[in-house]
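What the coordinates show
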Amino acid sequence: MIVTVGTVEFRSVLEAIRRIIKRTRGSYIEAAAVDIDLERKMVLVKQAGEEMAWVPYDRLVVGVGAQSITHGATGLEFCHKLKTINDARGIRQHIMANFEKAVRPTTSSEEKQRLLTFVVCGGGPTGCEFAAELYDFLTEDLKHYFPKAVQEMVKVVIVQSQDHILNMMDSVISEFAEREFARHNMTVITNSRVQSIDETTLKYSTKHLDGSVTEHEIPQGFVLWSTGLSLAPFTRLLCDKLPNAQKNRHAITVDEHLRVKGVADGSVYALGDCATVEYPHLLNHITELFDSAHHVGNTEITRAEFRVFVKEAAAKYPNAASHLLTLERDFDSFDTDGNGRISIDEFEHMLEYVDSKLTALPALAQVASQEGVYLGHGLSHLAAMYAADEDTRLKVEASPEARRGVEAQAVGPFMYHHRGTLAYLGRAAAADFGDGRAYRGSNLAAKYLWRSVYWSQQVSLRTRLLLAMDWLKELLFGRDISKF
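Every residue gets a number counted from 1 within its own chain, in the order that chain's sequence is written. The predicted nature of this model means local features are confined to residues of pLDDT at least 70 and side-chain atom pairs, given and counted, to a pLDDT of 80 or more, with totals for whole chains, interfaces and linings taken over all residues. Based on all heavy atoms of the structure, the side-chain values leave hydrogens and waters out of the count.

1. Here's the deal with the overall build of the protein
Selection criterion: By definition, any uninterrupted DSSP run of H or I lasting at least four residues is a helix, any uninterrupted run of E lasting at least two residues is a strand, and each is numbered from the N terminus. Relative accessibility under 20% of the residue-type maximum defines a buried residue, over 50% an exposed one, and the middle range a partly exposed one, all with a 1.4 Å probe and only protein chains included. Should any heavy atoms of two residues lie within 4.5 Å, those residues are counted as being in contact. Method for areas: the Shrake-Rupley scheme with a 1.4 Å probe, in which residue coverage is limited to the protein chains shown. Counting rule for charge: Lys and Arg are taken as positive, Asp and Glu as negative, and neither His nor the chain ends is counted. The atom standing in for a charge is NZ when the residue is Lys, CZ when it is Arg, CG when it is Asp and CD when it is Glu.
Secondary structure summary: the protein contains 17 helices and 21 strands in total. Along the first, second and third principal axes, the C-alpha set of the protein runs to 90 × 60 × 45 Å. Counting across all 484 residues of the protein, residues that qualify as buried make up 43%. In the protein, once contacts between residues fewer than 6 apart in sequence are set aside, the share between residues at least 24 apart is 62%. Within the structure as shown, the protein displays about 25100 Å² of accessible surface, and the carbon and sulfur contribution to it stands at 53%. In the protein, the 54 positive side-chain charges and the 63 negative ones have mean positions that sit 8 Å from each other.

Okay, here's the thing in structure tokens:
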């Protein structure tokens, strides 16, 4: 977002892949993956000039991201998306071009109003942060270079299908964000879905509390499409090759070790926005878990036995650890007959409660980052293990099932640690740390808190230094308003 309005330069947030690969003594091929042969373990890639080549693999990691979902709307060719640097460059050029057209003496008042209406479709973190950065750009920089009459025509609109923006965060933060945007005269339209977009207008429908639906049309000079995620072409192709195991319409389903479900030997992994982790449901193992919790001859679990069970189950199912550990505190509430013991029926209700708390991991950069670290360490550990133990390597080569079992035992399941979700709201920021803990701030401290987190997530010292210098230049000279 900060690249789209000239706060930082494109190169300040880019790091060459070859520079990163050099540290690991790896190799790199710039090409697009267009097909995969799971039996032969080959990926078909298309290079510049339409050349095709099959590239063999021993382990394949799919991390191709996702594309925006359309939700049935038409005319998305008139929208901008925010996935690549080229997208950011196109947005920056479009914004500046609209302002330049708006100051022409031959441009009518109605056309000026249309050109300076910026619409963001989607009220998630990306959409809200872009709207906030755009507001900063308009109020802090462009006001110095364009007539006041033009500035007063600027309108920023967010269209959200849910009843609140940032609805994946705590409701307190959603309400705070809406108040901040209202204070900045930004329009937030909720419970509305975009129906169609053309070169000059956007049509949307609003669903009211009584169930009625009304149609609306607004003029627009710029539209950013920032809605949910759907399968990219390569991930769709991979899922089509595994129809029995891959039934999710939005992402590749992987197990708790990030292995793609349906690949027998577990040699294909997926991470990031293109993947969703499917953890085992505890209720499917109720008999095994109940028998492991109580002593032989007993038909119920005592409080002391339950304490031991909770700790062992938390270690075995790390994804459910935080919910399992709360069960000890809530022992009495699940002990419905009050006899100080847990029966099989009461145990079933406990597991249903834990399973209900297990949700899909959010599509956040920190999820992909943690998955990448986990998979990197895991594959390195397996490589060292096979290099040191020739017998084990030969054993797993002969049996895909043996390979899955050995590797699952050698590398524990992936465990996500949520570090909070941060959103920038235009000279304000909000953070959701989970469990009802939230931060809201409407001052420069909040702005630079957000920037410090963004700075810390850069991949190298080089990009950190460039980013710091760009922010210093912005502080001294303002944002770059060129159309480069």
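2. Remarks on the side chain of T276
Within the secondary structure, T276 sits in strand β16 (residues 275-277). Overall, T276 belongs to the buried group, its relative accessible area being 16%.

3. Description of the sheet that holds strand β6 (residues 117-121)
To be explicit about the condition: Two strands form a pair only when DSSP identifies at least two bridges running between them. An axis is simply a line fitted to the C-alpha atoms; with a helix, the fit covers only the stretch in contact. Between two such axes, the angle follows the N-to-C directions and lies from 0 to 180 degrees.
Taken together, the four strands give an open sheet; going across it, the order is β8-β7-β6-β12, and neighbouring strands pair in parallel fashion. Strands with a single pairing partner mark the edges of an open sheet, and in this sheet they are β8 (187-189) and β12 (222-225). Across the sheet, the mean angle from the axis of one strand to that of its neighbour is 15°, orientation sign disregarded. Summarising the sheet, β6 and β12 pair through four bridges and their orientation is parallel. The residue bridging V120 from the neighbouring strand is L224, located in β12. Its contacts with the sheet put helix α2 (residues 85-102) on β6 and β12, and the angle it makes with β12 is roughly 160°.

4. Let's talk about the packing of aromatic side chains
What describes a pair of aromatic rings is the distance from one ring centre to the other and the angle between the planes of the rings. To keep it simple, the criterion reads: Any two of the Phe, Tyr and Trp rings considered here, Trp counted by its six-membered ring, make a pair once their centres fall within 6.5 Å; the pair's planes then place it as stacked at under 30 degrees, edge-to-face at over 60, or tilted in between. Geometrically, a charge over a ring is one whose NZ (Lys) or CZ (Arg) sits within 6 Å of the ring centre while staying within 35 degrees of the ring normal.
Applying the stated criterion across every chain yields a total of six aromatic pairs. Ring geometry for F99 and F118: centres 6.1 Å apart, planes at 20°, overall stacked. Of this pair, F99 sits in helix α2 while F118 sits in strand β6; the two residues are 19 residues apart in sequence, bridging distant segments of the chain. F99 gets classed as buried once you look at its relative accessible area, which sits at 2%. Residue classification places F118 among the buried positions, given a relative accessible area of 0%. The interplanar angle of 50° and the centroid separation of 5.2 Å between the aromatic rings of F99 and F146 together place this pair among those described as tilted. Of this pair, F99 sits in helix α2 while F146 is found in the loop between α4 (125-140) and α5 (148-151), placing the two residues 47 residues apart along the sequence. One aromatic cluster is present, formed by F99, F118, F130, F146 and F222 through successive ring pairs. Stacked on the ring of W54, the Lys or Arg R40 has its end atom at 5.5 Å from the ring centre. The ring centre of W455 lies 5.5 Å from the NZ or CZ of R464, which sits over that ring.

Without other data, these values stay purely geometric and don't point to any function.
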